[in-house]
Amino acid sequence: MSTPLYIYFSLFFIIYCPMCNLCTTLFFSEVDLWDWDNLLEENLQLCKLLIVPNKETGIPEQMMEGLTEEEDEQLKNMLKRLNTIVEYAKEKDVRVMVDAEQTYFQPAISRIVIEMMRKFNKEKAIVFNTYQTYLKSSLTNLKVDLDLSRRENFQFGAKLVRGAYMEQERERAASVGYEDPINADYHATTDMYHACLEEVFYQIKQRPLGQIAVMVASHNEDTVRFAVEGMDRHDIKKSDRLICFGQLLGMCDQISFPLGQAGYSVYKYVPYGPVEEVLPYLSRRAMENKGILKKVQKEKSLLWKELKRRVKAGQLRYNPLENSTVG
Ligand SMILES: Cc1cc2nc3c(=O)[nH]c(=O)nc-3n(C[C@H](O)[C@H](O)[C@H](O)COP(=O)(O)OP(=O)(O)OC[C@H]3O[C@@H](n4cnc5c(N)ncnc54)[C@H](O)[C@@H]3O)c2cc1C
């Protein structure tokens, strides 16, 4: 089992159009930013960079009249903090995974993460973006970013998840009146996840070894099995350290431990921070991941089974971590 070498964090920032909340969703894919070093420029007014095509004329125009000084400062501070985190991570040879959020923030988050990849992922994938496969657009987004990394010669890092905001996404799409961005059903999401994995396996084999690194972040046994079999089919070795697995701490150890013992890189997602900030975060995750909680029943019965086995075998001090891998 690997020590938690990854830093996880969510980007909570809103680039909000005061005129019309919807245009942030419709047009974010058009938002363009300067490269990372320019973004950190002290005297730059960031709102001037947020240019989107006018809905009627198609002519590019500034998305917002202007951020207040305070908002502009907040945005700059966020970028500076990200820069500090990633510079430190690079120095310590630790990877940074940026969480994916709702579709109405995500294009802005992805855009910034790609800029960070361009800057920091020259020799190694330090910065990872997250792709939510419950989205109809996820395979296309993944392919576009993979292609960009090939053309611009930076290393690509991705975390693949199913996605945690399905209900919110559907409610918002219905209330604002745009197409539901989520796949029609659970099977379509699973097919999408597996299609994204296939694309990653294919691209790994097309490039020099080590250009693409991916975390399979899932509690789904079939998806983990699909990934393990896919690695075998495409001759991607565990020792290549290109594919790793991630589960939440305290959940689905019946997946994490055997993977670690079999020599795969496995990470446990550890929420970390002051109690007053972590508790609301965890309760939100519990609400968003109601489905996961159903799996706890299965885990409880497996724990009982293991406890009984250890009592019978006189192995109360048995340590499953002994034979595992540290990656
Ligand atoms: C290490 C780690 C990091 C994570 N980081 C993020 C992150 O950055 N952003 C994020 O959004 N989530 C993140 N998650 C949560 C993740 O997106 C899932 O909500 C969670 O893992 C459950 O999916 P599963 O594959 O584990 O399990 P499963 O139980 O197999 O899948 C449940 C998921 O399937 C999808 N689904 C269920 N019903 C339907 C339906 N009717 N139609 C379409 N899709 C459906 C939903 O995405 C649901 O969450 C993370 C999870 C882990 C373990």
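- If you check an unreviewed UniProt entry, the chain appears there as Proline dehydrogenase from Mytilus galloprovincialis.
- Reading the Catalytic activity (unreviewed entry) entry of the UniProt record for the chain gives the comment "L-proline + a quinone = (S)-1-pyrroline-5-carboxylate + a quinol + H(+)".
- Its UniProt record, at the heading Function (unreviewed entry), says of the chain: "Converts proline to delta-1-pyrroline-5-carboxylate."

## Overview of the overall build of the chain
Here comes step 1: Regarding its fold elements, the chain presents 11 helices and 9 strands.
Here comes step 2: Here the chain, with 327 residues, has 32% of them falling under the buried criterion.
Here comes step 3: Sequence separation of 24 or more characterises 68% of the internal contacts of the chain that already satisfy a separation of 6 or more.

## Focus: the site of the ligand
Here comes step 1: Not every one of the 28 residues close to the ligand is listed here, only the nearest: D99, V161, R162, N220 and G246.
Here comes step 2: Within the residue set of the shell around the ligand, elements represented by two or more residues are β5 (127-132), α7 (186-206), β8 (243-248) and α11 (290-313).
Here comes step 3: The greatest single-element share of the shell around the ligand, amounting to 3 residues, is contributed by β8.
Here comes step 4: Each residue belonging to the shell around the ligand can be placed in one class, and the counts come to 12 nonpolar, 13 polar and 3 charged.

## Notes on the pairing of strand β7 (residues 212-217)
One face of the sheet, then the other: side chains in a regular strand alternate in exactly this way.
Here comes step 1: Most of β7 is tucked away: 6 of the 6 residues are buried.
Here comes step 2: Here β7 shows two buried faces, one formed by I212, V214 and V216 and the other by A213, M215 and A217.
Here comes step 3: Bridge analysis of strand β6 (residues 156-161) against β7 gives 5 bridges, and the strand direction is parallel. Opposite F156, over in β7, you have I212 as the bridge partner.
Here comes step 4: Where β7 and β8 come together, 4 bridges link them in parallel fashion.

## A look at the nonpolar core
Here comes step 1: Membership of the largest hydrophobic core comes to 54 residues, with the highest contact counts inside it found for V127, L160, V214, M215 and V216.
Here comes step 2: M215 has contacts with M97, F128, K159, L160, C244, F245 and G246, leaving out every residue within four places of it along the chain.

## Quick word on the pairing of strand β9 (residues 265-269)
Here comes step 1: Across 5 bridges, β8 lies against β9 in parallel orientation. Looking across to β9, one finds that F245 is bridged to V266.
Here comes step 2: The handedness of the β8 to β9 crossover, carried by helix α9 (residues 253-261), is right-handed.

## Here's the deal with unusual backbone geometry
Here comes step 1: Even without being glycine, D93 reaches a positive phi, approximately 60°.
Here comes step 2: As for its placement among the helices and strands, D93 is situated in the loop between α3 (69-92) and β4 (96-98).
Here comes step 3: Although it is not a glycine, D235 sits at a positive phi angle of roughly 55°.
Here comes step 4: When you line up the elements, D235 lands in the loop between α8 (221-233) and β8.

Rules of the game
Residues numbered from 1 in each chain as written. Predicted model: local features only at pLDDT ≥ 70, side-chain atom pairs only at ≥ 80, totals over all residues. UniProt positions renumbered as here; feature names shortened; annotations may be inferred. Helix = DSSP H or I, 4+ residues; strand = E, 2+ residues; numbered from the N terminus. Buried ≥ 20, exposed ≤ 12 C-beta atoms within 10 Å, placed from the backbone. Contact = placed C-beta atoms within 7 Å. Near = placed C-beta within 6 Å. Nonpolar A, V, L, I, M, F, W, Y, C, P; charged D, E, K, R; others polar. Pairing = 2+ DSSP bridges. Core = buried A, V, L, I, M, F, W, Y, C linked by C-beta atoms within 7 Å. Right-handed = clockwise from strand over helix to strand, strands pointing away.

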